[in-house]
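As a plain string of letters, each chain reads:
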2 protein chains.
Amino acid sequence: MLPFANITIIGVGLLGGSLGLAVKARDSAVRVVGVGRRRESLAAALARGAIDEASLDAAEAVAAAELVVLATPVGAFQGHLRTVAAALKPGAVVTDVGSTKSQVVRCAQRLLARRRSDGIAFVGSHPMAGSDRRGPESAREDLFTGATCILTPTAACRGDAVEAVDAFWQALAMRTVRMTPAAHDRAVARISHLPHALATLLMTVPGDDDLRVAASGFRDMTRLAGSDPEMWRDIFATNRKEILAALRRFQGRLDGLVQLLEAGDDVGIERLLAKSRARRHEKFPGGKQ
Amino acid sequence: MLPFANITIIGVGLLGGSLGLAVKARDSAVRVVGVGRRRESLAAALARGAIDEASLDAAEAVAAAELVVLATPVGAFQGHLRTVAAALKPGAVVTDVGSTKSQVVRCAQRLLARRRSDGIAFVGSHPMAGSDRRGPESAREDLFTGATCILTPTAACRGDAVEAVDAFWQALAMRTVRMTPAAHDRAVARISHLPHALATLLMTVPGDDDLRVAASGFRDMTRLAGSDPEMWRDIFATNRKEILAALRRFQGRLDGLVQLLEAGDDVGIERLLAKSRARRHEKFPGGKQ
């Protein structure tokens, strides 16, 4: 059912651990090797049954892999690719679970260019699933189930490698979508990185007294602020241009609302509220979800 | 158990309808009269069992009430208070479920001043519960259960009236908190009205193509945008000063993040993310909620 029988996951935190659990749940015969920096994380991933084998040595751990998945914070990808490039088995496919794609794809294709003649291919992936928890202890077999995975193949990607990676995510019950790395980065800046920034900033606005009466609306709106700072530092660093564009777009909207309020333009405010509500109901029908 | 045996609710939408259901569930002997503008809403509230009796005439409907609750959009309160002021029974207590308090309390105390000698008192309330749905069809007996209700008594409020209103909300399983109208308006501007504004604006940023890949984070962050525009127009209109102050505070935070990104200050960004995360975990322990 799964298009790969030997999988090495580099990084066994929430995403890597959940990926291992999902793979083993679909087909327990697939061999999953986990690579980590800390023995405790690897032990936890082994104990959870997310991996069959643990390794502190990425080069050694990828030698037999048909699929290698980078599942650390994006900022560490370059180091991992340098480490494993020469050790990859001919024909191996490399993918990742990173939240930004242009820099990642460019870097991976450059670092793996010399192995192209061995049939080694990199196909960027972004499974859009997560949680405000981290570590293999929080891994869940169904983290990816029903969510969207964006694939960002380029002209340099072998067609069969793209199909295999697509089939892999679909086998884990994900809906796959293909976009260019640039279109991906602009879209996620607007629908994921901007909301993350807003949640982070919102959490810093109210004082302790104000928070005594915070209700579910505020809790929902700041949930993303609870996420892993290291992972998100790398996302901001590797998608800076598009995140800045999205923040400036939002600043424009905010300035517009401030002007309406300063002018006491109740009609204009109601029009804005109604327009936004109509768009919300059109795009996410079925009320609260 | 409930401190009032005769209750008139003006407005039988989501909040008024839910209030009626909650009252009847606690004590079916309490008589609940509902006032509405539209026969269909009143019929729906009657059919749901949220009210015992329906009326299109507020003055007539309050004549026997020990407690009158204003549950329409805030902008309609003034008209209702003018209509009912002379008709209220001596000793009656008036409260509301409005999301802003300074203007509401000032207006109510002015319009009911002539009835003060009859023992009529206004006590402002803000039960912090809601939904992105509206109308009596969406009313829920447990909408208020476990939520916070802010009471904003002033020196002009009779002590026993304040205690009775407090006991009323507590009997509906709400946690009550007391604040001045001004402190209430500043706190809710930051923890409720600002998040609402952000959700409304965020919904307008991504294009249709971007929204194809929107995931649960974006859905959560825009849920508030699905709320009733008329109700929220009134909230923005009656808490303009504090909402503007909260929006400007947020603009300052946003400018700070833009500067960090422009400078490529990854360390500063990680520090901001970590600080916000720590505050989130301190204030809302227990992860996702």
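Since the model is a prediction, treat every value here as computed from it, not as a measurement. Starting from 1, residues in each chain are numbered consecutively following that chain's sequence as written. Starting at A for chains and at 1 for ligands, labels are handed out in the order in which the entities are written. At least 70 in pLDDT is required for a residue's local features to be given in this predicted model, at least 80 for side-chain atom pairs to be given and counted, and no such filter applies to totals for whole chains, interfaces and linings, which use all residues. Side-chain descriptors were evaluated using all non-hydrogen atoms of the structure, hydrogens and water having been removed beforehand.

### Overview of the overall build of chain A
Reasoning step 1: Numbering goes from the N terminus for both helices and strands, where a helix is a DSSP run of H or I of at least four residues and a strand is a run of E of at least two. Scanning chain A for helices and strands turns up twelve helices and nine strands.
Reasoning step 2: In this description the radius of gyration comes from C-alpha coordinates, and the expected globular size is given by 2.2 Å times residues to the power 0.38. In summary, chain A has a C-alpha radius of gyration of 21 Å against a globular reference of 19 Å for 289 residues, a match within 12%.
Reasoning step 3: For chain A, the spread of C-alpha atoms along the principal axes amounts to about 65 × 40 × 35 Å.
Reasoning step 4: A contact between two residues is defined here by any heavy atoms of the two lying within 4.5 Å. Within chain A, residue pairs in contact and separated by at least 24 positions form 74% of the contacts whose partners lie at least 6 positions apart.
Reasoning step 5: Each accessible area value is a Shrake-Rupley result obtained with a 1.4 Å probe; residue values ignore everything except the protein chains displayed when judging cover. Counting every atom, chain A has about 11100 Å² of accessible surface; 49% of that belongs to carbon and sulfur.
Reasoning step 6: In this tally, Asp and Glu contribute negative charge and Lys and Arg positive charge; neither His nor the terminal groups of the chain are included. Note that the charge is assigned to NZ on lysines, CZ on arginines, CG on aspartates and CD on glutamates. Taken together, the 39 basic and 31 acidic charged side chains of chain A have centroids lying 4 Å from each other.

### A look at the pairing of strand β4 (residues 67–70) of chain A
Reasoning step 1: A simple rule labels every residue: compare its accessible area, found with a 1.4 Å probe on the protein chains alone, to the largest value its type can have, and call it buried under 20%, exposed over 50%, or partly exposed in between. Along β4 of chain A, one buried face is formed by Leu67 and Val69 of chain A and the opposite face, lined by Val68 and Leu70 of chain A, is buried too.
Reasoning step 2: In this fold, the crossover linking β4 of chain A to strand β5 (residues 93–96) of chain A by way of helix α4 (residues 77–84) of chain A has right-handed handedness. Here, the term right-handed applies to a crossover whose path from the first strand over the helix to the second runs clockwise when the strands point away from the viewer.

### What about the interface of chain A and chain B?
Reasoning step 1: With 85 residues of chain A at the interface, the matching set in chain B holds 85 residues.
Reasoning step 2: A simple way to read buried area is as the amount of 1.4 Å-probe accessible surface that goes missing from two parts once joined, with both sides added. For the pairing of chain A and chain B, the buried interface totals around 8700 Å² over both sides, and the portion due to carbon and sulfur atoms is 65%.
Reasoning step 3: Counted as salt bridges are all cases of a side-chain nitrogen of Lys or Arg within 4 Å of a carboxyl oxygen of Asp or Glu. If you look at where chain A meets chain B, you find 14 salt bridges.
Reasoning step 4: Any pair of nitrogen or oxygen atoms within 3.5 Å is treated as a polar contact; in protein, a donor-acceptor pairing is required on top of that, and neighbouring residues in sequence qualify only through side-chain atoms on both sides. Between the two partners, chain A and chain B, sit 40 residue pairs in polar contact (both at pLDDT 80 or more).
Reasoning step 5: Elements that contribute at least two residues to the side of chain A that touches chain B include exactly β8 (148–152), β9 (175–178), α7 (181–202), α8 (208–211), α9 (216–222), α10 (229–238), α11 (240–262) and α12 (266–283) of chain A.
Reasoning step 6: The element that contributes the greatest number of residues to the side of chain A that touches chain B is α11 of chain A, accounting for 15 residues.
Reasoning step 7: For this classification, Asp, Glu, Lys and Arg are treated as charged, while Ala, Val, Leu, Ile, Met, Phe, Trp, Tyr, Cys and Pro are nonpolar and the rest, including Gly, are polar. Split into classes, the residues belonging to the side of chain A that touches chain B amount to 41 nonpolar, 17 polar and 27 charged.

### Examining unusual backbone geometry
Residue and element names in this part refer to chain A.
Reasoning step 1: Positive phi is not limited to glycine here, since alanine 173 has a value of about 70°.
Reasoning step 2: Within the element layout of this structure, alanine 173 appears in the loop between α6 (159–171) and β9.
Reasoning step 3: Assessed through its relative accessible area of 30%, alanine 173 is described here as partly exposed.

### Side note on the sheet that holds strand β2 (residues 31–35) of chain B
All names here are of chain B.
Reasoning step 1: Think of it this way: DSSP has to see at least two bridges between two strands before they count as a pair. Pairing is parallel in the open sheet, where six strands are placed in the order β3-β2-β1-β4-β5-β6. This sheet does not close on itself; its edge strands, each paired only once, are β3 (53–55) and β6 (121–122).
Reasoning step 2: The axes are straight lines fitted to the C-alpha atoms, using for helices just the contacting stretch, and the angles between their N-to-C directions are given from 0 to 180°. Against the sheet, helix α4 (residues 77–84) engages β1 (6–10), β4 (67–70) and β5 (93–96), with an angle of about 155° to β4.

### Structural notes on helix α7 (residues 181–202) of chain B
Residues and elements named next belong to chain B.
Reasoning step 1: Between the first and last C-alpha of α7 there are 29 Å, a value that for 22 residues agrees with the 32 Å anticipated at 1.5 Å per step.
Reasoning step 2: Along α7, the sharpest kink reaches roughly 50°, centred on alanine 189.
Reasoning step 3: Buried residues dominate α7, accounting for 18 of its 22 residues. The span one expects for a helix is its residue count, reduced by one, times 1.5 Å. To get the bend at a residue, fit one axis to the 7 residues ending there and another to the 7 starting there, then take the angle between the axes.

### Thoughts on the relation of the copies chain A and chain B
Reasoning step 1: For the pair chain A and chain B, the superposition axis carries a translation of 0.0 Å, the fit reaches an RMSD of 0.0 Å, and the rotation angle comes to 180°. What the rotation and shift describe, once combined, is the action of a two-fold rotation axis. Distance from the rotation axis, computed per C-alpha, reaches its smallest value in chain A at methionine 221 of chain A: 2.7 Å.
Reasoning step 2: Of the interface residues in chain A, 100% have counterparts in chain B that sit at the interface too, so the contact is made through matching surfaces. When the copies are overlaid, the least-squares fit takes in C-alpha atoms only where the residue has pLDDT of at least 70 in both copies.

### Details of the pairing of β5 of chain A
Residue and element names in this part refer to chain A.
Reasoning step 1: The alternating pattern of β5 places Val93 and Thr95 and Val94 and Asp96 on opposite faces, both of which are buried.
Reasoning step 2: As judged from the four bridges shared by β4 and β5, these two strands associate in the parallel manner. From the neighbouring strand, valine 68 faces β5, where its bridge partner is valine 94.
Reasoning step 3: Across two bridges, the pairing between β5 and strand β6 (residues 121–122) is parallel.

### Topic: the nonpolar core
Generally speaking, a soluble globular protein has its nonpolar side chains buried in company with each other.
Reasoning step 1: To qualify as a nonpolar core, a set must consist of buried Ala, Val, Leu, Ile, Met, Phe, Trp, Tyr and Cys residues joined through side-chain atoms within 4.5 Å. With 79 residues, the main nonpolar core has Phe250 of chain A together with Phe250 of chain B as its most contacted residues.
Reasoning step 2: When residues no more than four places from it in sequence are discounted, the contact partners of phenylalanine 250 of chain A are Leu194 and Leu198 of chain A together with Leu198, Leu201, Leu202, Val205, Phe250 and Leu254 of chain B.

### Topic: the confidence of the model for chain A
Reasoning step 1: As a per-residue quantity, pLDDT reports the predictor's confidence and falls between 0 and 100. Mean pLDDT for chain A: 95, with 99% of residues reaching 70 or above.
Reasoning step 2: Among the scores for the predicted complex, ipTM is 0.88 and pTM is 0.89.

### Some words on helix α1 (residues 14–26) of chain A
All names here are of chain A.
Reasoning step 1: Along its 13 residues, α1 runs 18 Å from first to last C-alpha, staying within 8% of the 18 Å computed at 1.5 Å per residue.
Reasoning step 2: Among the 13 residues that make up α1, eleven are buried, leaving the element largely enclosed by the rest of the structure.
Reasoning step 3: Looking at the packing, one finds that the buried side of α1 touches β1 (6–10), β2 (31–35), α2 (39–48), β4 and α6.

### A word on the packing of α4 of chain A against helix α5 (residues 102–111) of chain A
Two numbers describe a pair of packed helices, the interaxial angle and the distance between the axes.
Residues and elements named next belong to chain A.
Reasoning step 1: The N-to-C vectors of α4 and α5 enclose an angle of 15°; their axes lie 10 Å apart at closest approach. Considering their axes alone, α4 and α5 lie roughly parallel with respect to each other. Considering only the axes of α4 and α5, their crossing is right-handed. Contact residues: Phe77, Gln78, Leu81 and Arg82 in α4; Val104, Cys107, Ala108, Arg110 and Leu111 in α5. Throughout this description, any angle smaller than 35 degrees is read as roughly parallel, any larger than 145 degrees as roughly antiparallel, any in the 65 to 115 degree range as roughly perpendicular, and the remainder as oblique. In this scheme the crossing of two helices becomes right-handed for a clockwise turn of the near helix relative to the far one and left-handed for an anticlockwise turn of less than a right angle.

### Focus: the packing of α7 of chain A against α10 of chain A
Residues and elements named next belong to chain A.
Reasoning step 1: Look at α7 against α10: their axes get within 12 Å of each other, and the N-to-C directions meet at 120°. If you check the angle between α7 and α10, you find them oblique. Where α7 crosses over α10, the handedness of that crossing is left-handed. For the pair α7 and α10, contact is made by Ser192, His193, His196 and Ala197 and by Trp232, Ile235 and Phe236, respectively.
Reasoning step 2: For the contact of α7 with α10, a count of residues per class yields four nonpolar, three polar and no charged.

### Structural notes on the side chain of arginine 115 of chain A
All names here are of chain A.
Reasoning step 1: Structurally, arginine 115 is set in the loop between α5 and β6.
Reasoning step 2: Looking at arginine 115, its side chain comes within polar contact range of the main-chain oxygen of alanine 85, at 2.7 Å.
Reasoning step 3: Engagement of the side chain of arginine 115 in a polar contact is seen with the backbone oxygen of alanine 86, the distance being 3.2 Å.
Reasoning step 4: Filtering out sequence-adjacent residues up to four positions away, arginine 115 remains in contact with Ala85, Ala86, Ala87, Leu88, Lys89, Pro90 and Ile120.

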